[in-house]
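The lines below spell out each chain.
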Number of protein chains: 2
Amino acid sequence: MIGLMELIQSVVWLVDRVRILDQTLLPQQEVYLDMTDFREVAAAIKELKVRGAPAIGVAAAYGVALGALQIKTNSRTVFLRRLNEVSEIIAATRPTARNLFRALERMAKVAASKGSVSHLQEALVAEAIQIHREEIAATRAICRHGAKLLQDGDIVLTHCNTGPLATCGYGTALGVIIEAHRQGKKVKLLADETRPLLQGARLTVWEAQKAGVPMTLITDNMAGYFLKKGEVNCVITGADRIAANGDTANKIGTYTLAVLAKENKVPFYVAAPTSTIDTAIASGEEIVIEERGGDEVTSFQGVRAAPEGTMVANPAFDVTPNRYITAIITENGIIRKPFQKGIKRALA
Amino acid sequence: MIGLMELIQSVVWLVDRVRILDQTLLPQQEVYLDMTDFREVAAAIKELKVRGAPAIGVAAAYGVALGALQIKTNSRTVFLRRLNEVSEIIAATRPTARNLFRALERMAKVAASKGSVSHLQEALVAEAIQIHREEIAATRAICRHGAKLLQDGDIVLTHCNTGPLATCGYGTALGVIIEAHRQGKKVKLLADETRPLLQGARLTVWEAQKAGVPMTLITDNMAGYFLKKGEVNCVITGADRIAANGDTANKIGTYTLAVLAKENKVPFYVAAPTSTIDTAIASGEEIVIEERGGDEVTSFQGVRAAPEGTMVANPAFDVTPNRYITAIITENGIIRKPFQKGIKRALA
């Protein structure tokens, strides 16, 4: 399987630094940022230079590894205290994506293992790379499982960006579509632009063009028009956090697509690695939704649309209740209803 | 009733010319364009310098009046032939709004009456002004009828722009909200930005600020989030064409709001003058939907977002089937189901 993943490396570890492709500048500029300070990684997550739940998880792990290398001490106690501060700073960047916290938990577990400071530093770098390797493998499996759901001639609607950029791997929802195309299926992509930050228009179009997948870009409010016309065969989106019952938090607008899909009797799939599942959370009601700055809504790339003094709401995610979801595509197979059971089995 | 209408004059007839407030430049610039050539009016409609179904109707009527004054002949035959060309040019600007064609039909009827060319010219100017007066009266009545549906504390979601700018009168959907506020009801407005041309962010916010109505701006894909949270008490939109059975064409995204409202058991109202109703059309299936240029989607206020070579769809309207509509607010009262009967009665 040769995929787009080999062409796009949104986050990589390079010996003693993290290299991040600045996704806020795409598609106009392809700028790679080399970071040797974990604070730069934290800022990159917060500012969406790296985004997408799996990619945030990988970047967070590399951030902790970088932070570990920055601590100059031979005392385990001092090391662990300062590493904890590193982890807290990274944890405070974005609240919704499960992958970020899962990565931090894994790194904390490694930090709690025996050995000298230099041993721990090595082990932390190794664990971060391992998390990245697992995401690559997981997304590869997701693409293969998901591609089976698509048929020749399908038009697939997606939202936001869920390709290699978002995952540091093969992608989730977009990866599934790219893989079906690579297998020779004649699939077409219908991509929401995804306001306010236009990840669809900027990133999904860029990736689909690189992969050669035929696609049409629409504004978010046009999806219903095409669903009602019968011109969409299925909807696939990614996920930022999936509760134990299958309720799924994802980019704002996902819930709307799920309602529209149900109303028009079109399957609605969520594609995500199991690292996005949070069994500590019973239902979507408990998921914290990030509220971002109002400027994202009143402007785009510094050009203002709304008048001065405009009051704005900017929830970055919404929760799709499990009843709207046809299936969840994970690396461990496709989970169907009842999700509670299926999720347990997929994680076992 | 003193309203915002007295402050905002989007289209007016001034002795021998049409003055149009260029809505493409709002809210940053308030530029009035004086037109003495009907072709300028046609271009202004096509380029959305004037937009909103009722305002398009009024502008079209004034365009014909202007075109009539431009014809220098004493021959009735020559006059009528050339006036027909004027009408055809204006008819070709935008296909969806019923008001445009209704205005042209009324002007054609006046042109067919007896009298000299100069008599016809006078009569056509008078008819255009009469159409405008009727829209003012109709929107005033719509606001009064609609305001009865709103209660203290209501949060009202709306889409696109339907105030004085869009109607050359008191407004339809936004007019209803402004009137409820004017009556002292504590209503709040939740306004979709309405991509691609951001009539919500640019025009609805501008008008709501002038009227002092408390409001929050959101991107189109956030509406579902607030409906699901129970933070919307009703949805009111305008209309571009209403079929005999109540199916309603309106700005792209309206259908999605109607589905979301139904799913969340929130009333969905359409506010429109009877000049928007087209009884020659049995159902929404027959309504022609305007497809506009792709640049509107790939860019945001002139800033390009999507890569070069992006394929785009840009339907400007969608059709909301009557089953999603709770009631239609017209100047002749509030029409409830079954709409077929109610519409007949409202037009009688």
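Computed from a predicted structure; not experimentally measured.

Participant: Break down the pairing of strand β14 (residues 317-320) of chain A for me, with residues and values.
Facilitator: Sheet faces and side chains relate simply in a regular strand, where the side chains alternate between the two faces. Residue and element names in this part refer to chain A. Across the two faces of β14 the burial is the same, with Phe317 and Val319 and Asp318 and Thr320 all buried. In this sheet, β14 lies alongside strand β9 (residues 248-251) in antiparallel orientation, the contact comprising 4 bridges. Each residue of the ladder has a partner; that of Asn250, found in β14, is Asp318.

Participant: Give me the lowdown on helix α7 (residues 173-182) of chain A, citing residues and values where you can.
Facilitator: Residues and elements named next belong to chain A. Counting buried positions along α7 gives 8 out of 10 residues, so the element sits mostly inside the fold. Of the residues making up α7, those classed as buried are Ala173, Leu174, Gly175, Val176, Ile177, Ile178, Glu179 and Ala180. Those residues of α7 hidden inside the fold are in contact with α5 (117-147), β4 (155-158), β5 (188-192), α8 (199-211), β7 (234-237) and β10 (268-271). Of the residues flanking the end of α7, it is Gly184, one or two places downstream, whose phi is positive at about 95 degrees.

Participant: Tell me what's going on with the interface of chain A and chain B, and back it up with residues and numbers.
Facilitator: Residue-level contacts link 58 residues of chain A with 57 residues of chain B. The interface formed by chain A and chain B includes 4 salt bridges. Among the ionic pairs, Glu263 of chain A bridges to Lys262 of chain B, the shortest N-O distance being 2.9 Å. Seen at the junction of chain A and chain B, the total is 25 residue pairs in polar contact (both at pLDDT 80 or more). For the side of chain A that touches chain B, the secondary-structure elements that each account for two or more residues are α8, β6 (215-218), α9 (223-228), α10 (254-263), α11 (295-298), β12 (299-300), β13 (303-304) and β14 of chain A.

Participant: Could you give an account of the sheet that holds β6 of chain A, with specific residues and numbers?
Facilitator: All names here are of chain A. Taking strand neighbours across the sheet as the criterion, the 7 strands line up as β6-β5-β4-β7-β10-β15-β16 in an open arrangement whose pairing is mixed. With one partner strand each, in any of the chains shown, β6 and β16 (333-335) form the two edges of the open sheet. Going across the sheet, the axis of each strand differs from the next one's by a mean of 25 degrees, ignoring polarity. Two elements, β10 and strand β15 (residues 327-330), share 3 bridges in a ladder whose sense is parallel. Within β15, the position partnered with Tyr269 by the bridge is Ala327. Here α10 sits on the sheet and contacts β4, β5, β7 and β10; the angle it forms with β10, its principal contact strand, is near 145 degrees.

Participant: Lay out the relation of the copies chain A and chain B with the relevant residues and their values.
Facilitator: Of the transformation placing chain A onto chain B, the axial shift is 0.0 Å and the rotation is 180 degrees, giving an RMSD of 0.2 Å. With respect to symmetry, the two chain copies, as superposed, fit the operation of a two-fold axis. By residue overlap, the copies meet face to face through one surface: 98% of the interface positions of chain A are interface positions in chain B.

Participant: Provide a residue-level description of the environment of Gly342 of chain A, including the pertinent values.
Facilitator: Residues and elements named next belong to chain A. Within the secondary structure, Gly342 sits in helix α12 (residues 339-347). For Gly342, a relative accessible area of 9% puts it in the buried group. A C-alpha to C-alpha distance of 21 Å links Gly342 and Tyr255, two positions 87 residues apart in sequence.

Participant: So what's going on with the packing of helix α3 (residues 76-91) of chain B against helix α5 (residues 117-147) of chain B? Residues and values would help.
Facilitator: The contact between α3 of chain B and α5 of chain B brings their axes to 10 Å, and the two run at 35 degrees. Contacts between α3 of chain B and α5 of chain B involve Arg76, Phe79, Leu80 and Leu83 of chain B from the first element and Val117, Leu120, Gln121 and Leu124 of chain B from the second.

Participant: Outline the sheet that holds strand β2 (residues 17-21) of chain B, listing residues and values.
Facilitator: Residue and element names in this part refer to chain B. Taken in spatial order, the 3 strands line up as β1-β2-β3 in an open sheet, and their pairing is antiparallel. In this open sheet, the two strands that pair with only one neighbour each are β1 (11-14) and β3 (32-35). Along the sheet, successive strands turn relative to each other by an average axial angle of 25 degrees, direction set aside. With 4 bridges connecting them, β2 and β3 associate as antiparallel partners. Residue Ile20 lies in a different strand from β3, and its bridge partner there is Leu33.

Participant: So what's going on with the nonpolar core? Which residues, and what values?
Facilitator: Residues Ile236 of chain A together with Ile236 of chain B are the most contacted members of the largest nonpolar core, which totals 127 residues. With near-sequence residues (within four places) excluded, Ile236 of chain A lies in contact with Leu150, Val156, Leu157, Thr158, His159, Ala173, Val176, Ile177, Tyr269, Ala271 and Ile329 of chain A. Counting 43 residues, the second largest nonpolar core, distinct from the first, contains Val18, Ala65, Val125 and Cys168 of chain B.

Participant: Describe in detail α8 of chain A, supporting the description with residues and values.
Facilitator: Residue and element names in this part refer to chain A. Taking 1.5 Å of rise per residue, 13 residues should cover 18 Å, and α8 covers 17 Å from first to last C-alpha, within 8% of that figure. For α8, the buried fraction is high: 10 of the 13 residues fall into the buried class. Of all the positions in α8, only Gln199, Gly200, Ala201, Arg202, Leu203, Thr204, Val205, Trp206, Glu207 and Ala208 are classed as buried. Count one or two residues on from α8 and you reach Gly212, which has phi positive near 75 degrees.

Participant: Quick rundown of the layout of surface pockets? Include the residues and the values.
Facilitator: A volume near 300 Å³ is recorded for the largest pocket. As for the largest pocket, its lining consists of 19 residues, of which Pro196, Leu197, Arg202, Glu296 and Gln301 of chain B are closest to the centre. Where the lining of the largest pocket is concerned, the elements lending two or more residues are α8 (199-211), α11 (295-298) and β12 (299-300) of chain B. If one sorts the elements of the lining of the largest pocket by residue count, α8 of chain B sits on top with 3 residues. Estimates place the volume of the second largest pocket at around 240 Å³. Lining the second largest pocket are 17 residues, with Leu197, Arg202, Glu296, Phe300 and Gln301 of chain A positioned closest to its centre.

Conventions used here
Residues numbered from 1 in each chain as written. Chains lettered and ligands numbered in written order. Predicted model: local features only at pLDDT ≥ 70, side-chain atom pairs only at ≥ 80, totals over all residues. Heavy atoms only, no water. Buried < 20%, exposed > 50% of the residue type's maximum accessible area, 1.4 Å probe, protein only. Helix = DSSP H or I, 4+ residues; strand = E, 2+ residues; numbered from the N terminus. Pairing = 2+ DSSP bridges. Contact = heavy atoms within 4.5 Å. Salt bridge = Lys/Arg side-chain N within 4 Å of Asp/Glu carboxyl O. Polar contact = N/O pair within 3.5 Å; in protein donor to acceptor, adjacent residues only side chain to side chain. Axes fitted to C-alpha atoms, helices over the stretch in contact; angles between N-to-C directions. Least-squares fit on C-alpha atoms with pLDDT ≥ 70 in both. Core = buried A, V, L, I, M, F, W, Y, C linked by side-chain atoms within 4.5 Å. Expected span 1.5 Å × (residues − 1). 1 Å grid on protein atoms, 1.4 Å probe; cavity = no way out; pocket = protein on both sides within 12 Å on 5 of 7 lines; lining within 4 Å. Points joined across faces, edges and corners; volume = space filled by probe spheres on them.

So far we have only geometry, and geometry alone does not tell us how the molecule works.
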